[in-house]
Amino acid sequence: MKVLCNRERLREGLAVVNSVVPAKSPKPVLSNVCMVATDDALELVGTDLEVAVRYRVEDVKVEDPGTTVIPARVTLDFVRDLSGETVEFAAAGGNCTITSGGDACELVTVDADEFPVVSRFGEDGSLSLQGGTFTKLVERTAFAAAREQGRYAMHGVLIEIDDDKLKMVATDGRRLAVASAPIDLSGAPAPEHATIVPTKGMQLFCRVITDPLDQVRLAFEENQLGLRTRNAEVFARLLDGEFPRYSAVIPKEVGNALEADGDHLQRKIRLVANVTGDEARAVRLSVKKGKLELFGQSAGRGEATAHMDVEYKGRSADIAFNPDYVVDGLKNAERELVRLEFNDKSSPGKFTLGEDYVYVVMPITMDV
Amino acid sequence: MDAEAPRILHVDMDAFYASVEERDDPSLAGKPLVVGGPAEGRGVVSSASYAAREFGVHNAMPTAQAARLCPGLVVVAPDFERYTAASREIMQVFRSYTPLVEPLSLDEAFLDVTGCERLFGDAVEIGRAIKRDILKRTGLVASVGVAPSKFVAKLASDLDKPDGFRVIQADEVREVLDPLPVRKIFGVGERTAKRLERLGVHTVRDLADRDRDEVLREFGATGAWIHDLAHGIDPRRVNPRREERSISMERTFPEDVRDREELRRRLLEFAEELAYRLRDAGLRGRTVTLKARFWNFKTITRTHTLDFPTSLGPRLYATARELLGRVPATEPLRLIGLQVSGLQDVHTPLQNELFGVDAGARQAGDARDERLRKAAPALDELRRKYGRDTVRPASLLGHGASVGRDGAAEAPRPELGEASGA
């Protein structure tokens, strides 16, 4: 194998691959990048068996097609620190030489047959959407996915196709984010299986979408989701397990509804949250006729109050939330005016943060 | 104000349970007396009067052995309700002098009287006043130690026991500590003492004279701690808000028990009592641990963590019952115990969950819990007013054993776990 590449393009590709390559793995071969040179292209492949990426490097000149497998981290580090504009890869007889100007390194290669097979993106039945639509939905939901141990099926984002809309849902059992956006299905069949994509996979998808205006393609398969951009194909293995029946917990009829400026509300919540403890963080919102009072308290530190004007329909009521949860949602609000609806202080609060964006947060019960 | 002046008090009641019994039954006065389980069966001495101690009887000794040592020994079953009442009065006396009171058990506490001098005089005067007030209010005798640190204050209260009052000034600390056997140091138990003795360390002075690094190498973090204490260095403050980590009750049976019905009754009794104590302290707990000791002393524990912390007896009992189901039924048990940990203040904000493990079942459970939660304060009020046994689960009626005076071996003794070592 012998290839000439543009150093910057190559570095970009190696960086994407390295975001997949595991730092430590029981399978040492996974710490490598597989470089596949065909007549007119160079592809970089990396996987940790949960997610996989094929990245096509642009501006290359293949002199001798072939495949070589070399340590991903070292290759990226070396290429990054080179100063020449072009880099040459030449692999032969168990070694791969990287040369740029007068600088060179020689790496021991790994038998290409040991590298796991990574699928190719199947165009059939895939659907097309704007890259920016995909990343927007991920940003609005993925933060709510579970991180702590257990709750296996909640460690990812549920993707559904519903009513000509692409919908993403994430929850950690205490808050739930649901966002959707219209897409052109053009007859593509909806996935037959629940599609829960691990958070790491979602991050990688977003990473390879470099231009929000570019079209990308999504392929729902039985046990993986594939996404293709101009340069990259990414595959994420799906989480099996049952995603909670989320629609049941989104309040349908509510007695109390307030509307407020999202940024303003976020600032006030942060303000009073400063005095709340690290472990049991809670901020109480009390509303009556056009006034919202926010109250934060911690046994050791003291208490804080703040006030702001809101539009409010309902009786005087209060409800307490973990301020971090509320702020997480407000940060992603799509419009200035946000809406909070709830029935009482022990049932879920429903934040409407955009046209197709709902965020449900379970309250915190204080003083029982 | 003299920076070196001692300001820490350690107050320890003399033979507390036994003294309460003597006070309440004058016919017992001066007689060799122990509070504990009966000699037949497997009773253990919880508290021995000084008259009994003269015969070599001491706490934690099997009652049978105590009876052999001391002919005519009077054995009284414990009545924690009265001890608790006396304890409350004693703690009130402490708090009338300083807010910095750290109770160690029902009959023992550290006090820091820094800043109280203008109101009540110096630490020595306050110590005397407390000793006097306790005697006046409860008719019970306390031993008091006054010193610059917790460790030395605790030693001081023990030095002239019973009816002791000992002040150790900062410049006397060395002199008092030096000749004491090394096991008087808090944290030096039987095993550490033996290891120290092998190294030629017998007295506190021997330990203090050792190179610090050497002790550290030999005993790790414990080494640093005991070496400091040997030098009279004890930076621990009196912590009035020390949180309890767990509460537990256990019982050794007079005879090994195989009958599950009987074991469940014990657990119900423990669950009700622990729940009462949790509510009384304004706490709730999340982790339930069952301890079972088989006839051959093999001991196992089984633990379950609830979705929600609770202070309701039936909820604790339901969990305890499940845990008992995980204990092999083939062998009889010598001891059974129940512990609740993961304690938190009832005012701790509680994050609600969107999806129950089994929403339907939980809702049913919650509705029941809700009713119990509402009933509990009224029932507790009755218990406080008319005695702990006023309200009991029907299934425990007619089964004698109650938490109070029941004559069972090694009566269930509530133990407070500690968040920081004393």
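It should be emphasised that the depicted structure is a prediction, and the values quoted were computed from it without experimental measurement.

(A) A look at the overall build of chain B. Counting its secondary structure elements, chain B contains 15 helices and 15 strands. For chain B, the residues scored as buried account for 48% of the 422 residues in total. By sequence separation, contacts in chain B at least 24 residues apart represent 67% of the contacts at least 6 residues apart. Of the roughly 20200 Å² of accessible surface on chain B, a fraction of 51% belongs to carbon and sulfur atoms.

(B) Structural context of the overall build of chain A. Helix and strand counts for chain A stand at 6 helices and 27 strands. Split into buried and exposed, the 368 residues of chain A put 54% on the buried side. Sequence separation of 24 or more characterises 66% of the internal contacts of chain A that already satisfy a separation of 6 or more. Of the roughly 17400 Å² of accessible surface on chain A, 45% is carried by carbon and sulfur atoms.

(C) Representation of the interface of chain A and chain B in the model. Listed per partner, the contact involves 23 residues of chain A and 11 residues of chain B. Interface area for chain A against chain B, summed over the two sides, is near 1400 Å², with a carbon-plus-sulfur share of 59%. Where chain A touches chain B, the interface holds 1 salt bridge. Our count for the contact surface shared by chain A and chain B stands at 5 residue pairs in polar contact (both at pLDDT 80 or more).

(D) Focus on helix H4 (residues 199-208) of chain A. Listed in full, the buried residues belonging to H4 of chain A are Gly-201, Met-202, Leu-204, Phe-205 and Val-208 of chain A. Seen end-on, H4 of chain A carries its buried residues on one side only, within an arc spanning 160°.

(E) Seen up close, the packing of aromatic side chains. Per the stated rule, a full pass over the model turns up 11 aromatic pairs over all chains. Ring plane angle 45° and centroid distance 6.3 Å describe the contact between Phe-351 of chain A and Tyr-359 of chain A, whose orientation is recorded as tilted. Accessibility expressed as a relative area gives 2% for Phe-351 of chain A, which makes it buried. An aromatic cluster is defined as three or more aromatic residues linked by ring pairs; in this entry it consists of Phe-143, Phe-321, Phe-351 and Tyr-359 of chain A. A cation over a ring is seen here: Arg-53 of chain B above Tyr-50 of chain B, with NZ or CZ 4.4 Å from the ring centre.

(F) Focus on the pairing of strand E26 (residues 357-361) of chain A. Residue and element names in this part refer to chain A. Counted residue by residue, E26 has 5 buried out of 5 residues, so it is predominantly covered. A two-sided burial pattern is seen for E26, the buried positions comprising Tyr-357, Tyr-359 and Val-361 on one face and Val-358 and Val-360 on the other. As defined by bridge partners, strand E13 (residues 175-182) adjoins E26 across 5 bridges and the pair is classed as antiparallel. Bridge pairing in E26 links Ala-177 to Tyr-359. Strand direction decides the pairing type here: strand E25 (residues 349-354) and E26, joined by 5 bridges, are antiparallel. Looking at the pairing, Lys-350 lines up with Val-360 of E26.

(G) Just helix H12 (residues 221-230) of chain B, in detail. All names here are of chain B. Residues of H12 that are buried: Gly-223, Ala-224, Ile-226, His-227, Leu-229 and Ala-230. Looking at the buried residues of H12, the elements they touch are helix H7 (150-159), helix H8 (173-177), helix H9 (190-198), helix H10 (204-209) and helix H11 (212-219). Positive phi shows up at Gly-232, right after H12, with a value of about 75°.

(H) Structural context of the pattern of salt bridges. Residues and elements named next belong to chain B. All told, the structure shown has 60 salt bridges over all chains when counted by the stated rule. Arg-82 is paired through a salt bridge with Asp-79; the nearest N and O atoms lie 2.9 Å apart. Since its relative accessible area comes to 14%, Asp-79 is described here as buried. Lys-154 is the salt-bridge partner of Glu-108, the closest N and O atoms lying 2.5 Å from each other. Of this pair, Glu-108 sits in strand E6 (residues 108-112) while Lys-154 sits in helix H7; the two residues are 46 residues apart in sequence, bridging distant segments of the chain. For Glu-108, a relative accessible area of 12% puts it in the buried group. A relative accessible area of 30% places Lys-154 in the partly exposed class.

(I) Local environment of the sheet that holds strand E2 (residues 33-36) of chain B. Residue and element names in this part refer to chain B. Spatially, the 3 strands line up as an open sheet ordered E3-E2-E4, and their pairing is mixed. Every other strand in the sheet has two partners, leaving strand E3 (45-48) and strand E4 (74-76) as the edge strands with one partner each. With direction set aside, neighbouring strand axes in the sheet form an average angle of 30°. Judged from the 3 bridges that link them, E2 and E3 form a sheet pairing that is antiparallel. Across the sheet, residue Val-34 finds its bridge partner in E3, namely Ala-48. Along the sheet, helix H1 (residues 16-24) makes contact with E2, E3 and E4, crossing E2 at roughly 115°.

What counts, and where the lines are drawn
Residues numbered from 1 in each chain as written. Chains lettered and ligands numbered in written order. Predicted model: local features only at pLDDT ≥ 70, side-chain atom pairs only at ≥ 80, totals over all residues. Heavy atoms only, no water. Helix = DSSP H or I, 4+ residues; strand = E, 2+ residues; numbered from the N terminus. Buried < 20%, exposed > 50% of the residue type's maximum accessible area, 1.4 Å probe, protein only. Contact = heavy atoms within 4.5 Å. Areas by Shrake-Rupley, 256 points an atom, 1.4 Å probe, with all protein chains shown as cover. Buried area = accessible area lost by both parts, 1.4 Å probe. Salt bridge = Lys/Arg side-chain N within 4 Å of Asp/Glu carboxyl O. Polar contact = N/O pair within 3.5 Å; in protein donor to acceptor, adjacent residues only side chain to side chain. Arc of directions from axis to C-beta. Phe/Tyr/Trp six-rings, centres within 6.5 Å; stacked < 30°, edge-to-face > 60°. Lys NZ or Arg CZ within 6 Å of the ring centre and 35° of its normal. Pairing = 2+ DSSP bridges. Axes fitted to C-alpha atoms, helices over the stretch in contact; angles between N-to-C directions.

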